[in-house]
Protein chains: 2
Amino acid sequence: MKQVLKTGLMAAIVMAGFTSGATVAQEAALNEKHAQAATNFRQSLYKLVYSNMGPLGGMAKGKIPFDQDVIATNAMRLEQLADMMSDYVKVDTRKFDVDTEAKDEIWENWSDFESKIDSLKTAAANLQAVAATGDESKYAKAIGQVGASCKSCHDDYKVD
Amino acid sequence: MKQVLKTGLMAAIVMAGFTSGATVAQEAALNEKHAQAATNFRQSLYKLVYSNMGPLGGMAKGKIPFDQDVIATNAMRLEQLADMMSDYVKVDTRKFDVDTEAKDEIWENWSDFESKIDSLKTAAANLQAVAATGDESKYAKAIGQVGASCKSCHDDYKVD
């Protein structure tokens, strides 16, 4: 326990503001260390998003077979991760030298960015509903809607 | 959409086996690339765990004030992340040269490792229940139980 608490202090400073809720306020990184930690956590979140989206994309493209359980699970996880997303991106790291693909526009257009997160949540929830029907003919379209929400945000807010 | 699908293929191979459920079977990494991707995703998951545990540890230690909303949110996220944990650790990377703090014992004692994940889930669920009561006098103990479940697993399965 002690070690966990000790090593958790940096994260405590970075992330103490986690709260659930519709709209999350952005906040400026306090210093370079804070900016780097926030960037590191942010990138971890997107890696998990990617790891869930990958198989779904593979299925929609016909590279791997549709799997109802995997679709349902990954769609649920995408919704959970989307629900964390504002908290993991709210720390504005623009003023610091961090290695990131996050464009400055994220924090310039924060409410639009959050609306794109909402689109991902909606698409992920819909994909769960579609998976629950077991109607394989509907899977590709519902996966495509999740992918489209990813792309819409990447187009504006991620460095290519 | 196309780009998402294309870049998702590697992840598809790595993670196509995601399924919800009590017990997840471990599986050997297929090659070095697979092992490295699995390690990368695994570490991302634990970074998110850490980012949620940090503030809780800070509160339990009295370094930052108790915040009922943050406790409730982070405990929920810890439960969600614990629920993903078997899937993110099941790829046995022992045979490959990956930069990891995961001990070989994870895959040697997989059922014990999974039982420790269950302990984290239970402790995180309990912390949500305690946060819901609003009884601040109970927060430190319930946070301590989550931290103890982290430590119990780190002691056996994480390189110091």
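So, how was this worked out
- Residues numbered from 1 in each chain as written.
- Chains lettered and ligands numbered in written order.
- Predicted model: local features only at pLDDT ≥ 70, side-chain atom pairs only at ≥ 80, totals over all residues.
- Helix = DSSP H or I, 4+ residues; strand = E, 2+ residues; numbered from the N terminus.
- Buried ≥ 20, exposed ≤ 12 C-beta atoms within 10 Å, placed from the backbone.
- pLDDT = per-residue confidence, 0-100.
- Contact = placed C-beta atoms within 7 Å.
- Expected span 1.5 Å × (residues − 1).
- Bend = angle between axes of the 7 residues up to and from the residue.
- Axes fitted to C-alpha atoms, helices over the stretch in contact; angles between N-to-C directions.
- Parallel < 35°, antiparallel > 145°, perpendicular 65-115°, else oblique.
- Left-handed = near helix turned anticlockwise from the far one by under 90°.
- Nonpolar A, V, L, I, M, F, W, Y, C, P; charged D, E, K, R; others polar.
- Core = buried A, V, L, I, M, F, W, Y, C linked by C-beta atoms within 7 Å.

A.B. asks: Give me the overall build of chain A: which residues, what numbers.
C.D. replies: If you tally the helices and strands in chain A, you get seven helices and two strands. In chain A, the succession of helices and strands from N to C terminus is α-α-β-α-α-β-α-α-α. When burial is assessed residue by residue, chain A has 43% of its 160 residues classed as buried.

A.B. asks: Summarise the confidence of the model for chain A; cite the residues concerned and give the values.
C.D. replies: If pLDDT is low for a region, its predicted coordinates should not be looked at in detail. All names here are of chain A. Predicted confidence across chain A gives a mean pLDDT of 90, with 86% of residues reaching 70 or more. Across residues 1–9, confidence stays below pLDDT 50; counting only partners more than four residues off in sequence or on other chains, it has 22 contacts. Confidence estimates for the predicted assembly give a pTM of 0.89 and an ipTM of 0.88.

A.B. asks: If you had to explain helix α3 (residues 32–60) of chain A to someone new, which residues and values would you point to?
C.D. replies: Helix length check: α3(A), at 29 residues, gives a terminal C-alpha distance of 41 Å against a target of 42 Å (1.5 Å per residue), a fit within 8%. At A:M53, α3(A) shows its strongest bend, of approximately 25°, with the proline A:P55 following within four residues.

A.B. asks: How would you explain the packing of helix α4 (residues 68–89) of chain A against helix α6 (residues 110–133) of chain A if you had to name every residue and give the values?
C.D. replies: Residues and elements named next belong to chain A. Relative to each other, α4 and α6 sit at 160°, their axes nearing to 8 Å. Classed by the angle they form, the pair α4 and α6 counts as roughly antiparallel. The crossing of α4 and α6 is left-handed. Counted together, Q68, I71, A72, A75, M76, L78, E79, A82, D83, M85 and S86 of α4 and E114, I117, L120, K121, A124, A125, L127, Q128, A131 and A132 of α6 form the full contact between these two elements. Of the residues assigned to the contact of α4 with α6, the class counts are 14 nonpolar, three polar and four charged.

A.B. asks: Hey, could you go over the packing of helix α3 (residues 32–60) of chain B against helix α4 (residues 68–89) of chain B for me, with residue numbers and the actual values?
C.D. replies: All names here are of chain B. In contact at an axis separation of 9 Å, α3 and α4 are set at 160° when each is read in the N-to-C sense. By the angle between their directions, the pair α3 and α4 is classed as roughly antiparallel. The interaxial crossing formed by α3 with α4 has left-handed handedness. On α4, the residues that touch F41, R42, L45, L48, V49, N52, M53, P55 and L56 of α3 are V70, I71, N74, R77, L78, L81, M84, M85, Y88 and V89.

A.B. asks: Kindly report on the environment of B:D118, identifying the contributing residues and their values.
C.D. replies: When you line up the elements, B:D118 lands in helix α6 (residues 110–133). When the C-alpha atoms of B:D118 and B:E79 are compared, they prove to be 9.5 Å apart, with 39 residues separating the residues in sequence.

A.B. asks: Hey, could you go over the nonpolar core for me, with residue numbers and the actual values?
C.D. replies: Core analysis: the largest hydrophobic core is formed by 82 residues, its most contacted members being A:L127, A:V146, B:L127 and B:V146. Where this core is concerned, the elements lending two or more residues are α3, α4, α6 and α7 (139–157) of chain A together with α3, α4, α6 and α7 (139–157) of chain B. Setting aside residues no more than four positions away along its own chain, A:V146 makes contact with A:M53, A:L56, A:L78, A:L120, A:A123, A:A124 and A:L127.

A.B. asks: Requested: an account of the environment of A:E105, with residues and values cited.
C.D. replies: All names here are of chain A. Here E105 lies in helix α5 (residues 105–108). A sequence separation of 41 residues divides E105 from V146, and the C-alpha atoms of the two residues are 22 Å apart. What E105 contacts, discounting residues up to four positions off in sequence, is D156 and Y157.

A.B. asks: Before we move on, can you summarise the environment of A:S149 with the specific residues and values?
C.D. replies: All names here are of chain A. Here S149 is to be found in helix α7. Between the C-alpha atoms of S149 and A123, which are 26 residues apart in sequence, the distance is 7.5 Å. For S149, the residues in contact, after removing those within four places along its chain, are K116, S119, L120 and A123.

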